[in-house]
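Read off the chains here:
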Amino acid sequence: MAAPRPSPLPLGALHASHGGCWLRDSDGRTRGLGKGEAIMASADTPLLMLNAPLVATRLGYPDLSGLDLLELFAFVHPARFCVPTPKGLATALGLAPPASDDAVPELLQHAAGKLLETCESSNWAEREGAWSALQSLSRLRWPWAQVIAPHIKQPPRAERWLFTRLPEWEEAPDRPQPGQIVLDPEAIDARLAFLTGAGAEQRPGQQAYAREAGHTFAPRQQPGLPHVLLAQAGTGTGKTLGYLAPASLWAEQSGGTIWVSTYTKNLQRQLRRESRRVWPDTSTEGSVASGNRQRVVVRKGRENYLCLLNLEDALQGGFSGRPAIMAQLIARWAAYTQDGDMIGGDLPGWLGTLFRQRGIKALTDQRGECVYAGCPHYRKCFIERSARASAQADLVIANHALVMVNAARGRDHAQRPTRIVFDEGHHVFEAADSTFSAALTGSETIELRRWVIGPERGSKGRRRGLAARLADVSSYDEQGAKAIAAAREAAEALPADGWLQRLHDEAPSGPLETLLGAVRSLTYARDESGGQEAGYGIETEAAQLDGNFVELAGQAQAALAELRHPLMKLSNRLEALLEEPPDWLDGLGRARIEGARHSLGWRIDLIAAWEALLDRLGGPVDPDFVDWLAVDRSEAREYDTGIHRRWLDPMKPFARVVLEPSHGVMLTSATLTDRSGHEDDDWETAIARSGAAHIDVAPRLCMAESPFDYSNQAEVLIVTDVKRGDIPALAGAYARLIEAAEGGVLGLFTAIRRLRAVYGRIADHLARAGLPLYAQHVDPIDTGTLVDIFRDDPHASLLGTDALRDGVDVPGHSLRCVVMEQVPWPKPGILHRARRAMNGGSSYDDRIIRARLAQGFGRLIRSREDRGHFVVLSAAFPSRLLTAFPKGTPVIRLTLDEALQRIASSVSLDRTTEPETPDTQDAGNKG
């Protein structure tokens, strides 16, 4: 039973959905009204609402404002989870959820009353700092400030400022190198049994998988030749605990650190939860400052964490208007966050979307501008705390990109991972493809200019150039000062603000802008893709370039070399300064200079890669690379232009940078092999995409089949009578499928334009039937929050693109039907064409499609209780692709009407038996 409802806040409340609008006045009367009247009512007096940007989208009035309960929730309960829906808010506050849309306004009034009661309670856990934050928010005219002011008492003593409350991290001695341990198979079995719990179902496949994983951690016998394991584990095998069992045993016995790398933030969160089974006495919340070693640490790229220096700048006038209000709410969160992770951590994903600006990113280190020990908050920095904690941890949970970047240019070689488990291993190829690429574009070069020069022509922000970062060095070292001045002068040749408009006006400034202008002109001249009319980005090969283009490339290359040389000289001067330090160089100063050297090395390598790229233009083709010119566009709006280079096989640098220095590497996934139907070919593809062939290692191979009964739990329905390209027919099919399934549909699209067209045609109709529909690229909500909403409401459906095809974990009744709009053909770009030619032509396309189908199907059945349908709307689905689905899964070609009958019958059958919630054991061991 829900707790008694608190007294409602005597303010009007507005709720708008695709099904209509409802207004409840302060006297307790609720009525339906039209969109125009709702807009007028909100303009007359502040109204309570939930997720104001979403309400504004529903009403078609972007300037809507009011008292958003999500903002109040973020103030009262920072760092606490809440699904941003009426039901989610009710659950978070212990209130009864509304039975229908017209009951939502009353709930909003009671929810506001509940939050204000919390502010008055002596048990309010997040009271500290609230009164001071409220004073700042009042000055910023936050709409809630006057409402809640009477409910928050001034504390008897002045509250500490955020930056004095945060704990400091402490240095720790280096850990000795790990012991050389060979794991006993019976010990692995015992550890696995302990983790799965007494009375848990015996899974021979999981046990064999865990034993195979144990071989990864054995002592290496030759330098450059790590143990490599490729392990495919079907969904439901329990692969997470399968590799954590031997990994934790090795960490315990050897004193070393295991890195587990994922591709999606969702799996990082799942691993964070699962790790508590392995280390129940010390969760990831351990404090470095307290001296307690964190056994489990989550690591992400710098751009994911709150930068305290950026936050201080925002709080002291760097932000104004709505972004300034957001900064105050972020400061409230910063005092209570577990680790400062703003992207996928405990900061509500919906908070940034409430302010309609890129404020969240502005509070992170997006440009690599960190001054390290030169920052006044260095000893409290969330990023530095995480890095130091990971050096002492048993388990580090990271992502593929970070592992690769850390291996390529990590600051501390001793802290680079040597035992790595790549979960979601089928994405290692894509991650390596991105990590080891080069892109000489306008956006990349202007960021380099800003990093070197700093603020120009009165621009705001805390951006600092090299001269400001190294002012003390330049005043002490004459040669260093000359190098800084030379670098600043050379950086003037890089694109500056307004470069896109100058390219459009055909009036570029400087050698780099001139080259980019030529890139843009040539790309438009050669394009035959049809992308110009459709508004998509366009590209062309970097081949058959005329003499003038090659000459412009040479001039740009010379300008880049003019910048690289003084940066290299400056790096050498900083190294000399560390070798013979002056008297004024203390420990923090040394750390700052080491950080500056690291940043310089990164930029020097970047410039060298650009020079190598330009050097190849007009010369012989390098068989290892694919080069092309591109104009990046979104809905016909240009946002970047440049020259791109990718490895034809990115596993070559991956093997050299990641595999060779490692002692043991495991790649695991439910879709690691190709599933072509020919077993040898299946593993051949997996081996090629692991990089093992490039270091002459024969990897161990392991296959653990899924324990699910796909013949009874799932059906694949190939719908043959929805014509490709017929948007009205496609929209009608989606609407009827969602109605037949009574919600719980995940719709996967290969094009954003078609997604939006379908959503616009069916959302209102479905909402009136009590079936809410959400969509990526339409709703002003981040993807993670959209999945949370979808998971929380079994009647909701969600439309999305690639980000939802992989890594989304929605077990149970909330996801009972996956619909693909068509066969997910690969985009026929220049890079794809080159790789297709190298890897067997059409068979390469088939491998990509089968992988995408397998990943999409993998969203459907996540536990033993799950049942559902996987629908592909394709009249000519090739039979050769059917091996993508698990063996035994029924595959039926049928009309849309027949598919609707099967889905409706299944829903009716499920209704007779109450769907069970997956038990803890199954939920914890999902593949």
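Quick summary incoming for the structure in this document. Just so you know, the residues in each chain are numbered from 1, in the order the chain's sequence is written. Residues qualify for local features only when their pLDDT is at least 70, as the model is predicted, and side-chain atom pairs are given and counted only at 80 or more; totals for whole chains, interfaces and linings, by contrast, use all residues. Side-chain numbers here rest on the full set of heavy atoms in the structure, without hydrogens or water.

### What to know about the overall build of the protein chain
Heads up, the rule is: In DSSP terms, a helix is any run of H or I states spanning at least four residues, a strand is any run of E spanning at least two, and both are numbered starting from the N terminus. Only C-alpha atoms enter the radius of gyration; for comparison, a globular chain is expected to reach 2.2 Å times N to the power 0.38, where N is the number of residues. Three labels apply to residues, based on accessible area from a 1.4 Å probe with only protein chains included: buried if under 20% of the type maximum, exposed if over 50%, partly exposed otherwise in between. Contacts are assigned to residue pairs with any non-hydrogen atoms lying within 4.5 Å of each other. To measure how exposed things are, a 1.4 Å probe is used in the Shrake-Rupley method; for residues, cover is taken only from the protein chains shown. In this tally, Lys and Arg are treated as positive and Asp and Glu as negative; His is ignored, and so are the chain termini. In this description, the location of a charge corresponds to atom NZ of lysine, CZ of arginine, CG of aspartate or CD of glutamate.
Along the protein chain, the regular secondary structure elements total 38 helices and 23 strands. A globule of 927 residues ought to have a C-alpha radius of gyration of about 30 Å, and the protein chain, at 29 Å, matches this closely. In the protein chain, buried positions account for 56% of the 927 residues. Pairs at least 24 apart in sequence give 76% of the contacts found in the protein chain among residues at least 6 apart. Carbon and sulfur atoms form 49% of the exposed surface of the protein chain, whose accessible area is close to 38,900 Å². Computing the positive centroid from 105 side-chain charges and the negative centroid from 116, the protein chain places the two 2 Å apart.

### Focus: the pattern of salt bridges
Two side chains that carry opposite charge are able to pair once their charged atoms sit near each other. Convention followed: We define a salt bridge as a side-chain nitrogen of Lys or Arg found within 4 Å of a carboxyl oxygen belonging to Asp or Glu.
Inspection of the entire model under this criterion finds 44 salt bridges. A salt bridge links Arg322 to Glu71; the nearest nitrogen and oxygen atoms lie 2.8 Å apart. One end of the pair, Arg322, is in helix H14 (residues 322-334); the other, Glu71, is in helix H3 (residues 69-76), and 251 residues separate them in sequence. Residue classification places Arg322 among the partly exposed positions, given a relative accessible area of 32%. A cluster of three or more residues bridged by salt bridges with shared partners is formed by Asp25, Asp27 and Arg29.

### Considering the sheet that holds strand S14 (residues 637-647)
Defined as follows: If DSSP finds at least two bridges between two strands, the strands pair. Helix axes are fitted only over the stretch in contact, all axes being lines through C-alpha atoms; the angle between N-to-C directions runs from 0 to 180 degrees.
Taken together, the four strands give an open sheet; going across it, the order is S11-S14-S13-S12, and neighbouring strands pair in antiparallel fashion. Here the strands that pair on one side only, and so sit at the sheet edges, are strand S11 (438-441) and strand S12 (538-541). Across this sheet, the average inter-strand angle for adjacent strands is 25°, counted without regard to direction. Looking at chain direction, S11 and S14 are connected through four bridges and run antiparallel. Along S14, the bridge assignment pairs Leu440 with Ile643. Sitting on the sheet, helix H19 (residues 442-453) is in contact with S11 and S14, with an inclination near 80° to S11. Here helix H27 (residues 587-616) sits on the sheet in contact with S11, strand S13 (625-634) and S14, set at roughly 85° to S14.

### With respect to unusual backbone geometry
The phi torsion at Glu424 lies on the positive side, around 50°, for a residue other than glycine. Within the secondary structure, Glu424 is located in the loop between strand S10 (419-422) and helix H18 (428-435). The phi dihedral of Gln544 is positive, around 55°, even though this residue is not glycine. Structurally, Gln544 can be placed in the loop between S12 and helix H26 (547-579). Owing to a relative accessible area of 75%, Gln544 belongs among the exposed residues under this scheme.

### Considering the pairing of S14
Summarising burial for S14: eight of the 11 residues are buried, a large majority. Pairing of S13 with S14 involves 10 bridges; the strand directions are antiparallel. Counterpart to Asp632 in the pairing with S14 is Asp640. Linking S13 back to S14 in an antiparallel pair, the connection comprises two residues, with Glu635 at a positive phi of about 50°.

### A few points about the sheet that holds strand S22 (residues 868-873)
Picture the strands of a sheet paired through backbone hydrogen bonds; they go either parallel or antiparallel. Here seven strands make up an open sheet; going across it, the order is S19-S20-S18-S21-S22-S17-S23 and the pairing parallel. Two strands lie at the open edges of the sheet, namely strand S19 (773-775) and strand S23 (891-894), each paired on one side alone. Strand after strand, the sheet turns through a mean of 20° between neighbouring axes, direction not considered. Direction of pairing for S19 relative to strand S20 (residues 797-800): parallel, over a ladder of three bridges. Residue Ala775 lies in a different strand from S20, and its bridge partner there is Leu799. Against the sheet, helix H36 (residues 842-857) touches strand S17 (714-719), strand S18 (745-748), strand S21 (817-820) and S22, its axis set at about 155° to S21.

### A look at the nonpolar core
Stated precisely, the cut-off is as follows: By convention a nonpolar core is built from buried Ala, Val, Leu, Ile, Met, Phe, Trp, Tyr and Cys residues, the set being connected through side-chain atoms within 4.5 Å.
Ranked by size, the top nonpolar core spans 64 residues in total, and within it Phe75, Trp144, Leu306 and Ile330 carry the most contacts. Per element, the largest residue contribution to this core is nine residues, and it comes from H14. If we skip the residues at most four places from it in the chain, Trp144 touches Leu9, Leu48, Leu67, Asp68, Leu69, Glu71, Leu72 and Ala112. Ala487, Leu512, Val519 and Ile593 belong to the second-largest nonpolar core, a separate cluster that totals 45 residues.

### Thoughts on the side chain of Ser874
Applied cut-off: In the analysis that follows, any N or O atom pair within 3.5 Å is treated as a polar contact, provided that within protein one partner can donate a hydrogen and the other can accept it, and provided that, for residues neighboring in sequence, both atoms belong to side chains.
You can see Ser874 is positioned in the loop between S22 and S23. Of the polar contacts made by the side chain of Ser874, one reaches the backbone nitrogen of Phe877; its length is 3.4 Å.

### A closer look at the environment of Arg388
Relative to the helices and strands, Arg388 resides in helix H16 (residues 382-392). When the C-alpha positions of Arg388 and Leu494 are compared, they lie 36 Å apart, and in sequence the two are 106 residues distant. In this structure, Arg388 is in contact with Trp169, Glu171 and Tyr378, ignoring residues within four places of it in sequence. Within polar-contact distance, the side chain of Arg388 engages the side chain of Glu384 at 2.4 Å.

### Observations concerning the pairing of S22
Among the six residues that make up S22, six are buried, leaving the element largely enclosed by the rest of the structure. Both faces of S22 are covered, namely the face carrying Gly868, Phe870 and Val872 and the face carrying His869, Val871 and Leu873. Direction of pairing for S17 relative to S22: parallel, over a ladder of six bridges. By the bridge assignment for S22, Ala714 is matched with Gly868. Where S21 meets S22, four bridges bridge the pair, whose relative direction is parallel.

### Some remarks on the environment of Leu70
Mapped onto the fold, Leu70 is located in helix H3. Taking the C-alpha atoms as reference points, Leu70 and Gly197, separated by 127 residues in sequence, lie 39 Å from one another. Beyond its immediate chain neighbours, meaning those up to four positions away, Leu70 contacts Leu50, Asn51, Pro84, Trp350 and Leu354.

### A short note on the packing of aromatic side chains
In plain terms, the rule: In this analysis, rings of Phe, Tyr and Trp, with Trp reduced to its six-membered ring, are considered paired at centre separations within 6.5 Å, and the interplanar angle assigns stacked below 30 degrees, edge-to-face beyond 60, and tilted for intermediate values. Two conditions define a charge sitting above a ring: the NZ of Lys or the CZ of Arg must be within 6 Å of the ring centre, and it must be within 35 degrees of the ring normal.
Inspection of every chain in the model, using the stated rule, returns 12 aromatic pairs. Consider the rings of Phe75 and Trp142, whose centres lie 5.5 Å apart with planes at 45°: the pair is tilted. You can see Phe75 sitting in helix H3 and its partner Trp142 sitting in the loop between helix H6 (130-139) and helix H7 (145-148), a full 67 residues away along the chain. Positioned over the ring face of Trp169 is Arg388, at 3.9 Å from the centre of the ring. Over the face of the ring belonging to Trp602 we find Arg603, whose NZ or CZ atom lies 4.3 Å from the ring centre.

### Points about the packing of H19 against helix H22 (residues 478-491)
Just so we agree on the cut-off: Angles are sorted into four bins: roughly parallel if under 35 degrees, roughly antiparallel if over 145, roughly perpendicular if 65 to 115, and oblique for all others. Definitions for this section: a left-handed crossing has its near helix turned counterclockwise from the far helix by less than a right angle. A right-handed crossing has that turn clockwise. Side-chain classes follow a simple rule in which Ala, Val, Leu, Ile, Met, Phe, Trp, Tyr, Cys and Pro form the nonpolar group, Asp, Glu, Lys and Arg form the charged group, and the remainder, Gly included, forms the polar group.
At a minimum axis separation of 9 Å, H19 and H22 run at an interaxial angle of 150°. Of the possible angle classes, the one that applies to H19 and H22 is roughly antiparallel. The element H19 and its partner H22 pack so that their crossing is left-handed. Facing Arg449, Val452 and Ile453 of H19, the residues of H22 in contact are Ala487, Arg488 and Ala491. A breakdown of the residues in the contact of H19 with H22 according to their chemical character gives four nonpolar, no polar and two charged.

### Points about the packing of helix H24 (residues 511-526) against H26
The geometry of H24 relative to H26 is characterised by a closest axis approach of 8 Å and an angle of 145° between their N-to-C directions. Between H24 and H26 lies a crossing of left-handed hand. Counted together, Pro511, Leu512, Thr514, Leu515, Ala518, Val519 and Leu522 of H24 and Phe549, Leu552, Ala553, Gln555, Ala556 and Ala559 of H26 form the full contact between these two elements.

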